[in-house]
Amino acid sequence: MFAKRQSALAATAGTAPRGKDGPSLKPVVDALKKPPVAAGLAGLLLLSTSALFLTVLGDPKAGTPSAHVALEREAAAAPAPAPTGFEAFSMGAMGLYQNLAGGADPAAGGDAVITLPDGGSVSGQGAPITAPVHAASPLAKAPIAGLSQPGSNGPLPMIAPDGRVPAQAYARPFRPNGKPRVSLIVGGLGLNAVTTRAAIERLPPEVTLSFVPYADNLQGWIDQARAQGHEVMLEMPMEPTGYPDNDPGPYTLLADGGADDVTAKMDWLLSRATGYFGVTNYLGDRFAGSDTGMNAFLSVLRQRGVAFLDDGSFQRRPGAWARASADRVIDRTQSPAAIVAALNGLEAQAKLRGSALGAGFSYPVTVEAAARWTAGLEQRGLQLAPASSMSMRPGR
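Residues numbered from 1 in each chain as written. Predicted model: local features only at pLDDT ≥ 70, side-chain atom pairs only at ≥ 80, totals over all residues. Heavy atoms only, no water.

- With an unreviewed UniProt entry as reference, the protein is termed Divergent polysaccharide deacetylase family protein, source organism Brevundimonas vesicularis.

Written out as structure tokens, the structure is:
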């Protein structure tokens, strides 16, 4: 470009001069011929051309309208607090029936329904438990003479002088018929009157019921359960991971509490009522890893003739007067579909191995589904058995 500019200036300088009446360009031409001026003009031209190139061609969106909007990120919503233990027992749990896959549209006013293997169904939308009430099949009223002794906080279980033990005397009698056996424990009872009464009346007598030691009128609930025909258990609060933020309640058995501490707390827990054949754990994954704590716990039960049936998290650790571990928890997911699927899995395991033991919580959805499922077991070639029949003496 600079070379072309010089050629043009040279051609202009060789032309004839203009007339006297026109302005003379000679002074300008002479100035432009000076090297410093020519170099400056060339540089100015180069900068102008570059600026134009960048302005027009360098931005593919040059010349198009634009707008700027200030965006602000919304603060993340705080997670909903976990329900308290009391809320878990409340009738608000009936909402778990809603929004089932394949159920009726709640907006249409219908009930979500799931069909069970025996042709029964579980419906929801906040409706009460609809399984039929079972006829009573009473067990002996507690306490049975010779199976308890006075303690500082109340009566404590004991082995009778004639060798009778609570683990057998308070268990529901059972006679196998040769069919595969399936057993079910429903726990968390005694804190909510509605769900507790429903479990007592609408679950068959062969279903074992487990009660919370802090329940008001605990002995009254146990007496009602036994009058209906259910054998019962008492729940032992045990230290879980995250304790004390995750707190099972007063008199929790602690992993590092020592043998004396475990024994003292068990004296309080075991004296809350009479009539139970065994105990089960409430939480306790951390306590289960304590050899000192577990040895003291099992030793007390063995000396008092009480069985220990856990929810499957204690890996069938031997001890107590008799032992058993659940094969699965049926309501880790609290929906009818998930619970029935877990119960069907329990049934299949019983047919494969000859027996199976399940455990669940007294959610209304669990009680309803379990009541419907157990009603058809006999027709499907199984025998419903009390959980005590699954327990074994150490070494047997």
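And the narrative resumes.
### Quick word on the confidence of the model for the protein
Should the pLDDT be low somewhere, the predicted coordinates at that spot are not to be read in detail.
(1) Moving on: Mean pLDDT over the protein: 79, with 67% of residues reaching 70 or higher.
(2) Moving on: In the model, residues 1-22 has pLDDT below 50 throughout and makes 8 contacts with residues more than four positions away in sequence or in other chains. (pLDDT = per-residue confidence, 0-100. Contact = heavy atoms within 4.5 Å.)

### Considerations on the packing of aromatic side chains
(1) Moving on: Using the criterion set out here, one finds 6 aromatic pairs in the structure.
(2) Moving on: A ring pair is formed by Phe287 and Phe297, whose centres lie 6.3 Å apart and whose planes are at 90°; its orientation type is edge-to-face. Here Phe287 is found in the loop between β8 (278-283) and α9 (291-304), whereas its partner Phe297 is found in helix α9, with 10 residues between them in sequence. Exposure class is identical for Phe287 and Phe297. Each is buried.
(3) Moving on: Sitting above the plane of the Trp268 ring, Arg272 keeps its charged end 4.2 Å from the centroid.
(4) Moving on: The ring of Trp321 carries Arg393 above its face, with NZ or CZ at 4.0 Å from the centroid. (Phe/Tyr/Trp six-rings, centres within 6.5 Å; stacked < 30°, edge-to-face > 60°. Helix = DSSP H or I, 4+ residues; strand = E, 2+ residues; numbered from the N terminus. Buried < 20%, exposed > 50% of the residue type's maximum accessible area, 1.4 Å probe, protein only. Lys NZ or Arg CZ within 6 Å of the ring centre and 35° of its normal.)

### Notes on helix α7 (residues 218-228)
(1) Moving on: Buried within α7 we find Leu218, Gly220, Trp221, Ile222, Ala225, Arg226 and Gln228.
(2) Moving on: Trailing α7 by a residue or two, Gly229 shows a phi angle of about 115°, which is positive.

### Observations regarding the nonpolar core
(1) Moving on: Within the largest apolar cluster, 63 residues are counted, with the highest numbers of intra-cluster contacts made by Leu203, Leu209, Phe211, Val279, Phe297 and Phe308.
(2) Moving on: If we ignore the near neighbours within four places in the chain, the residues touching Phe297 are Met236, Met238, Leu253, Val262, Met266, Val279, Phe287 and Phe308.
(3) Moving on: Membership of the second largest hydrophobic core comes to 21 residues, among which are Ala160, Ile185, Ala307 and Ala326. (Core = buried A, V, L, I, M, F, W, Y, C linked by side-chain atoms within 4.5 Å.)

### A short note on the side chain of Thr252
(1) Moving on: Within the fold, Thr252 resides in the loop between β7 (232-238) and α8 (258-270).
(2) Moving on: In contact with Thr252, not counting residues within four places along its chain, are Pro237, Met238, Glu239, Tyr243, Asp247 and Lys265.

### Remarks on the environment of Gly257
(1) Moving on: Of note, Gly257 is situated in the loop between β7 and α8.
(2) Moving on: Taking the C-alpha atoms as reference points, Gly257 and Phe287, separated by 30 residues in sequence, lie 9.6 Å from one another.

### Here we look at the packing of helix α10 (residues 336-353) against helix α11 (residues 364-375)
(1) Moving on: Relative orientation of the contacting elements α10 and α11 amounts to 45°, with a least axis distance of 10 Å. The angle between α10 and α11 falls in the class oblique. Between α10 and α11 lies a crossing of right-handed hand. Residue-level contacts link Pro336, Ile339, Val340, Leu343, Asn344 and Glu347 of α10 to Val365, Thr366, Ala369, Ala370 and Trp373 of α11.
(2) Moving on: The residue makeup of the contact of α10 with α11, split by class, is 8 nonpolar, 2 polar and 1 charged. (Axes fitted to C-alpha atoms, helices over the stretch in contact; angles between N-to-C directions. Parallel < 35°, antiparallel > 145°, perpendicular 65-115°, else oblique. Left-handed = near helix turned anticlockwise from the far one by under 90°. Nonpolar A, V, L, I, M, F, W, Y, C, P; charged D, E, K, R; others polar.)

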